[in-house]
Amino acid sequence: MKNSKGILMGVLGLLAAGPAWAEEKAGLHVIQGGPAYFNAGIGAFNAAGVEPGPGHRGNATLPEIDLEYQSASKLFGIGALWGIVANTNGGFMGYTGFYSDIAWDHWVLTPVLGMGGYNQGRGKYLDGTFQFRLELNLAYQFADQSRLGIKIAHISNAYIANEDPGEDEVLLTYAFPLSFGDHS
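Below, the structure is looked at part by part. (Residues numbered from 1 in each chain as written. Predicted model: local features only at pLDDT ≥ 70, side-chain atom pairs only at ≥ 80, totals over all residues. Heavy atoms only, no water.)

1. Quick notes on the side chain of Glu68
Phase 1 of the analysis: Position of Glu68 among the secondary structure elements: in strand S3 (residues 62-75).
Phase 2 of the analysis: For Glu68, the side chain forms a polar contact with the side chain of Gln70, separated by 3.2 Å. (Helix = DSSP H or I, 4+ residues; strand = E, 2+ residues; numbered from the N terminus. Polar contact = N/O pair within 3.5 Å; in protein donor to acceptor, adjacent residues only side chain to side chain.)

Structure (structure tokens):
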């Protein structure tokens, strides 16, 4: 996808400039510590109907689940994460990457840049096993530090293969803090 590079640059910019940008705005800040999170999401795989190349099958919008662990340890507001996303046609992706939490009042914006291995199953053709994953999650944080949000995500090979059909996701997410990872 042509817009993959733009999305990638935007997420990289948020991760890199987040701490400096947040300090300039009143009430806006990058969360430096806090607990680790387990984030679960349900939604739609290939939600935007990104078209595959000619002759490829598996362009359906499918139900999916996304499970993600976000570490509590952060360096300059950037932490590590590990996750898996799976759809109902047997396609799945295991991934690892980096995230940051940018908070304003009770709202938390979490950009993610990840990479991992994709297995097509009977689902969408993405031209290769190695894929990148970009996410943007906007969540409301409750007093107990749990979060309810909406996530948009994109899986793409960023044209490191012959084709880049890509796929987009929309998910409803719930994240709960894990006490063993508290680094407040």
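2. A look at the nonpolar core
Phase 1 of the analysis: Core analysis: the biggest nonpolar cluster contains 11 residues, these being Phe45, Leu62, Leu81, Val85, Met93, Tyr95, Tyr99, Val112, Tyr118, Leu126 and Ile155.
Phase 2 of the analysis: Elements with a contribution of two residues or more to this core: strand S4 (78-87), strand S5 (92-100) and strand S7 (107-119).
Phase 3 of the analysis: Ranked by residue count, the leading element in this core is S5, at three residues. (Core = buried A, V, L, I, M, F, W, Y, C linked by side-chain atoms within 4.5 Å. Buried < 20%, exposed > 50% of the residue type's maximum accessible area, 1.4 Å probe, protein only.)

3. Topic: the environment of Ile42
Phase 1 of the analysis: Relative to the helices and strands, Ile42 is located in strand S2 (residues 36-45).
Phase 2 of the analysis: Residues Ile42 and Leu172, 130 residues apart in the sequence, show an inter-C-alpha distance of 5.5 Å.
Phase 3 of the analysis: Filtering out sequence-adjacent residues up to four positions away, Ile42 remains in contact with Glu64, Val170, Leu171 and Leu172. (Contact = heavy atoms within 4.5 Å.)

4. Concerning the pattern of salt bridges
Phase 1 of the analysis: What the rule picks out here adds up to eight salt bridges.
Phase 2 of the analysis: Ionic pairing is found between Asp101 and Lys74, a salt bridge with its closest N-O pair at 3.2 Å. Separated by 27 residues along the polypeptide, Asp101 in the loop between S5 and strand S6 (102-104) and Lys74 in strand S3 bring together distant segments of the chain.
Phase 3 of the analysis: Under the relative-accessibility criterion, Lys74 is labelled buried at 18%.
Phase 4 of the analysis: The network of salt bridges with shared partners includes Asp66, Glu68, Arg133, Glu135, Lys151 and Glu169. (Salt bridge = Lys/Arg side-chain N within 4 Å of Asp/Glu carboxyl O.)

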